[in-house]
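This is what each chain is made of:
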Amino acid sequence: MPELPEVETVRRGLLPVMEGATITQADVRRPDLRWPFPDRMAERLTGQTVVALRRRSNYILADLSGGETLIIHLGMSGRILISGDPLGQFHHAHPAPEKHDHVVFDMANGARVTFNDARRFGAMDLAPTAAVEGHWLLSNLGPEPLGNAFNDAHLVAALKGRMTPIKAALLDQRIVAGLGNIYVCEALYRAGISPKRKAGRISTTRIAALVPVIRDVLSEAIEAGGSSLRDYRQTDGELGYFQHTFRVYDREGAPCRTPGCTDQIRRIVQSGRSSFYCPTCQR
Ligand SMILES: [Zn+2]
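The notes below deal with the structure included here. All of these numbers come straight from a predicted model, not from anything done at the bench.

Take the pairing of strand E8 (residues 123-128) next. The element E8 is extensively covered by neighbouring structure, given that 5 of its 6 residues are classed as buried. The sheet contact formed by strand E4 (residues 68-73) and E8 spans 6 bridges and is antiparallel. Paired with Leu-70 across the strands is Leu-126, a residue of E8.

In structure tokens form, the structure reads like this:
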């Protein structure tokens, strides 16, 4: 499931072919993904120029010249492929349509952007740009973890008195937007905080220390994603999924990577999700 760094990588991969470019034809091949598409989606997109391509949490937002914004969520299995040769950099001929290619944009610059989603947990909707922050998918989101509004004061206040485990609190999108299971595990490990610890019982100093750690794990992953963008032109044109090594995530039973620690990474299930942590390093 794509998390924030993967979504940001997809956005950056789309920038050169979509931002400032016009959608000459939008082909919408089914009525819905997770939810129904908006009315006349293909007509509302065709002929529009993408004025800006932004990200909010795990949503990609394409602001269109006509005053609407296309909201895109990749869901569990959504993939975006670029084909064509718009900037002389892409060597991918347009592939034969695949079964799960649900939405296809042909851009005036010659690029084709294909949204493929086998499990159909993804979503697309249109909203007036001026009111997009109030769209029901976005209206309850907390601050961006890489933005200025996510700081010590915010996190300390948001966790104050909370008796839920810190793991669950950090996954709460109202506290901080876009943090998912993988990067919460990684951040708690680096901060030395047990995922089981009650959020409201952690000292302000340790909570404050989480802020730069969260920024670091996300920034490092975005950087790894950026490197992957240089390779995708030689591969299949698919954006966003890249090799990244984790210190605890998916390493159950493996030795802890903290120098001097002889413990093994443990996995527990919290609120139905796996948490990976080192019982010695994380308290
Ligand atoms: Zn350890």
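There is more to say after this.
Before going further, it helps to spend a moment on the environment of His-102. Looking at where His-102 falls in the secondary structure, it is placed in strand E6 (residues 101-107). When its relative accessible area of 5% is taken as the criterion, His-102 is described as buried. Separated by 72 residues in sequence, His-102 and Arg-30 place their C-alpha atoms 6.3 Å apart. Other than its neighbours up to four places away in sequence, His-102 contacts Asp-27, Val-28, Arg-29, Arg-30, Leu-33, Phe-115, Asp-117 and Arg-120.

Tallying each qualifying case throughout the model produces 5 aromatic pairs. Taken together, a centroid distance of 5.2 Å and an interplanar angle of 70° make the contact between Phe-105 and Phe-115 edge-to-face. Within this pair, whereas Phe-105 is found in strand E6, its partner Phe-115 is found in strand E7 (residues 112-117), the two being separated by 10 residues in sequence. When sorted by exposure, Phe-105 lands in the same class as Phe-115, which is buried. For the ring pair Tyr-249 and Phe-276, a centre distance of 5.2 Å and an interplane angle of 70° mean the geometry is edge-to-face. Of the two residues, Tyr-249 sits in the loop between helix H6 (204-232) and strand E9 (266-270) while Phe-276 sits in strand E10 (residues 273-277), which places them 27 residues apart along the sequence. Assessed through its relative accessible area of 5%, Phe-276 is described here as buried. Among the aromatic side chains, those forming a connected cluster through ring pairs are Tyr-183, Phe-246, Tyr-249 and Phe-276.

The next subject is the pattern of salt bridges. Two side chains of opposite charge can pair, provided their charged atoms sit close to one another. Here the structure, examined in full by the defined rule, presents 16 salt bridges. Salt-bridge contacts for Arg-11 lead to Glu-8; the nearest nitrogen and oxygen are separated by 2.9 Å. Of this pair, Arg-11 and Glu-8 both sit in helix H1 (residues 4-18), 3 residues apart, which is roughly one turn of the helix. A relative accessible area of 5% means that Glu-8 is categorised as buried. Measuring nitrogen to oxygen at the nearest pair gives 2.9 Å for the salt bridge that ties Glu-144 to Arg-56. With a gap of 88 residues between them, Glu-144 in the loop between E8 and helix H3 (152-159) and Arg-56 in strand E2 (residues 50-56) connect regions that are remote in the sequence. Pair check on accessibility: Glu-144 and Arg-56 agree, each one buried.

Each value, and the rule that gives it
Residues numbered from 1 in each chain as written. Predicted model: local features only at pLDDT ≥ 70, side-chain atom pairs only at ≥ 80, totals over all residues. Heavy atoms only, no water. Buried < 20%, exposed > 50% of the residue type's maximum accessible area, 1.4 Å probe, protein only. Helix = DSSP H or I, 4+ residues; strand = E, 2+ residues; numbered from the N terminus. Pairing = 2+ DSSP bridges. Contact = heavy atoms within 4.5 Å. Phe/Tyr/Trp six-rings, centres within 6.5 Å; stacked < 30°, edge-to-face > 60°. Salt bridge = Lys/Arg side-chain N within 4 Å of Asp/Glu carboxyl O.

Limitation: the analysis is restricted to geometry and does not speak to function.
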